[in-house]
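# Residue-level structure breakdown
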Amino acid sequence: MSIDVVTARIGQIQAQLAQFAATSATSTTGAGFSDALSAAGATATSTGSAGGQAVVEEAKKYLGLPYVWGGTSKEKGVDCSGLVQSVYKSLGYDLPRLSADQARSGTAVKSLAEAQPGDLIAWDNSSRNNGADHIAIYIGDGKMIEAPRTGLNVRIVDVPSEPDMIRRIIPSTATPTSGPAATAGISARVSASTPYADLINAAAARTGVPGELLAAVAKQESGFNAKAVSPAGAQGLMQLMPGTARGLGVENSFDPAQAIDGGARLLRSLLDKFGRTDLALAAYNAGPGAVTRYDGIPPYRETQNYVRNIMAMVRS
């Protein structure tokens, strides 16, 4: 084994250890979906919430960066799996570090003809690895964004051949249990005495998320303080992280109208994804990946208290 291969492998292991440490810290602090979601785990919708196209737009921000083995930095460079992990992390999905594991995440897509923008496409080119050793992000029209190899930059190219694996991380349709049943019994509108009542009721009408639920989230997240900033950098009434806000099309999280609209669309997508108010709230706080991983409300004290407090508000 050459020294170059050994050095590269050491870099890969170091990157994995760094990611493990970051994930552990997030789990133990329960840093809020606004925090975990700077990384959006929203179902693709026509309302602009994070979906497949948001993945493509985020990935385009890496174009021109150098390929760096083990890299996950938007400033210094990425490798193929580092690109995938970083893009999805900015949208709320906690994907594994290695391409082989990423190519087992989500759900399978049968062929490139059925692939959608944002899907992962991967190839098993080497018998030395167990599974995929190259992965890219499909952007539609037979093209993909990839971090190819040392000496080349992140680029858009034609998909070279039928991928060995195609995985969909963001569901393309809502779960059958979503819709009005998910928020039954929660008031559609809030009274005029509620802070930002007009904005909340308008967002509720646009998205179908009950105004009472939006108000409870705003109260829990920021205490209705439009200028609130968390230690992790979450901003505004709905405590959106900058990356989350960008994915939602929110240009200014401190603007109450934009914040409430973005938070409402985010909640709509999470209700559609999980079909239950408590799970949508858990995803807002801890990230959809955590809810999926634990198949329910994650065992984080902050998340459990967060869900309990908001559910108590809407039931009172």
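Structural notes, computed from the coordinates. (Residues numbered from 1 in each chain as written. Predicted model: local features only at pLDDT ≥ 70, side-chain atom pairs only at ≥ 80, totals over all residues. Heavy atoms only, no water.)

## Quick look at the packing of helix α7 (residues 211-222) against helix α12 (residues 301-315)
Relative orientation and spacing of two packed helices are given, respectively, by the angle between their axes and the distance between those axes. Note the following rule: Helix axes are fitted to C-alpha atoms over the stretch in contact, other axes to C-alpha atoms as well, and angles between N-to-C directions run from 0 to 180 degrees. The helix and strand labels rest on DSSP assignments: H or I over at least four residues marks a helix, E over at least two residues marks a strand, and numbering proceeds from the N terminus. Orientation labels follow simple angle bins: below 35 degrees gives roughly parallel, above 145 gives roughly antiparallel, 65 to 115 gives roughly perpendicular, and whatever is left gives oblique. What makes a crossing left-handed is the near helix being turned counterclockwise from the far one by less than a right angle; a clockwise turn instead makes it right-handed. Contacts between residues were defined by any pair of non-hydrogen atoms, one from each residue, lying within 4.5 Å. When residues are sorted by character, Ala, Val, Leu, Ile, Met, Phe, Trp, Tyr, Cys and Pro go into the nonpolar class, Asp, Glu, Lys and Arg into the charged class, and all the rest, Gly among them, into the polar class.
The interhelical angle for the contact between α7 and α12, taken along N-to-C directions, is 135°, at an axis separation of 9 Å. Our classification of the angle between α7 and α12 gives oblique. When the axes of α7 and α12 are compared, the crossing they make is right-handed. Contacts between α7 and α12 involve Glu-212, Leu-213, Ala-216, Val-217, Lys-219, Gln-220 and Glu-221 from the first element and Tyr-306, Asn-309, Ile-310, Met-313 and Val-314 from the second. Counted by class, the contact of α7 with α12 contains seven nonpolar, two polar and three charged residues.

## Some details on the packing of helix α6 (residues 197-207) against α7
Contact geometry of α6 with α7 gives a least axis separation of 8 Å together with a crossing angle of 125°. Comparing the axis directions of α6 and α7 gives the class oblique. Here α6 runs over α7; the crossing is right-handed. Between α6 and α7, the residues in contact are Ile-200, Ala-203 and Ala-204 and Gly-211, Leu-214 and Ala-215, respectively.

## Some details on the nonpolar core
Cut-off, in case you're wondering: Each nonpolar core is a collection of buried residues, namely Ala, Val, Leu, Ile, Met, Phe, Trp, Tyr and Cys, held together in the definition by side-chain atoms within 4.5 Å. Whether a residue is buried, partly exposed or exposed follows from its accessible area with a 1.4 Å probe, protein chains only, as a fraction of its type maximum: under 20%, in between, or over 50%, in that order.
Core analysis: the biggest nonpolar cluster contains 41 residues, and Leu-213, Leu-214, Val-217, Met-238, Leu-240, Leu-281 and Tyr-284 have the highest contact counts within it. At the level of elements, α6, α7, α8 (242-248), α9 (256-274), α10 (277-286) and α12 are the ones that each hand at least two residues to this core. No other element matches α9, which puts eight residues into this core. Counting 28 residues, the second largest nonpolar core, distinct from the first, contains Tyr-62, Leu-65, Leu-83 and Ile-135.

## Observations regarding the pattern of salt bridges
Two side chains carrying opposite charge are able to pair once their charged atoms lie near each other. Keep this limit in mind: For this document, the term salt bridge refers to a Lys or Arg side-chain nitrogen within 4 Å of an Asp or Glu carboxyl oxygen.
Applying the stated criterion across every chain yields a total of 13 salt bridges. One salt bridge connects Asp-101 with Arg-104, and the closest N-O pair in it is separated by 2.8 Å. Judged by relative accessible area, Asp-101 falls into the partly exposed class, the value being 33%. Overlapping salt bridges bring together Glu-58, Lys-61 and Lys-74 as one network.

## Looking at unusual backbone geometry
A positive phi angle, close to 50°, is found at Gln-239, a residue other than glycine. Locating Gln-239 in the fold gives a position in the loop between α7 and α8. We note that Asp-295 has phi near 50°; this positive angle belongs to a residue other than glycine.

## Points about α10
A large share of α10 lies buried, amounting to ten of its ten residues. All of the buried residues along α10 are Thr-277, Asp-278, Leu-279, Ala-280, Leu-281, Ala-282, Ala-283, Tyr-284, Asn-285 and Ala-286. Two residues or fewer past α10, Gly-287 is found with a positive phi of approximately 100°.

## Concerning the sheet that holds strand β6 (residues 143-146)
The condition is simple: For two strands to be treated as a pair, DSSP must find at least two bridges joining them.
One open sheet accounts for six strands, arranged β3-β8-β4-β5-β6-β7; its pairing is antiparallel. Among the strands making up the open sheet, the edge pair consists of β3 (107-108) and β7 (155-158). Note that strand β4 (residues 120-123) and strand β5 (residues 134-140) share four bridges and pair antiparallel. The residue bridging Ile-121 from the neighbouring strand is Ala-136, located in β5. Lying over the sheet, helix α3 (residues 52-60) contacts β5 and β6, oriented at roughly 115° with respect to β5. Of the strands in this sheet, β4, β5 and β6 touch helix α4 (residues 80-89), which is tilted by about 50° from β5.

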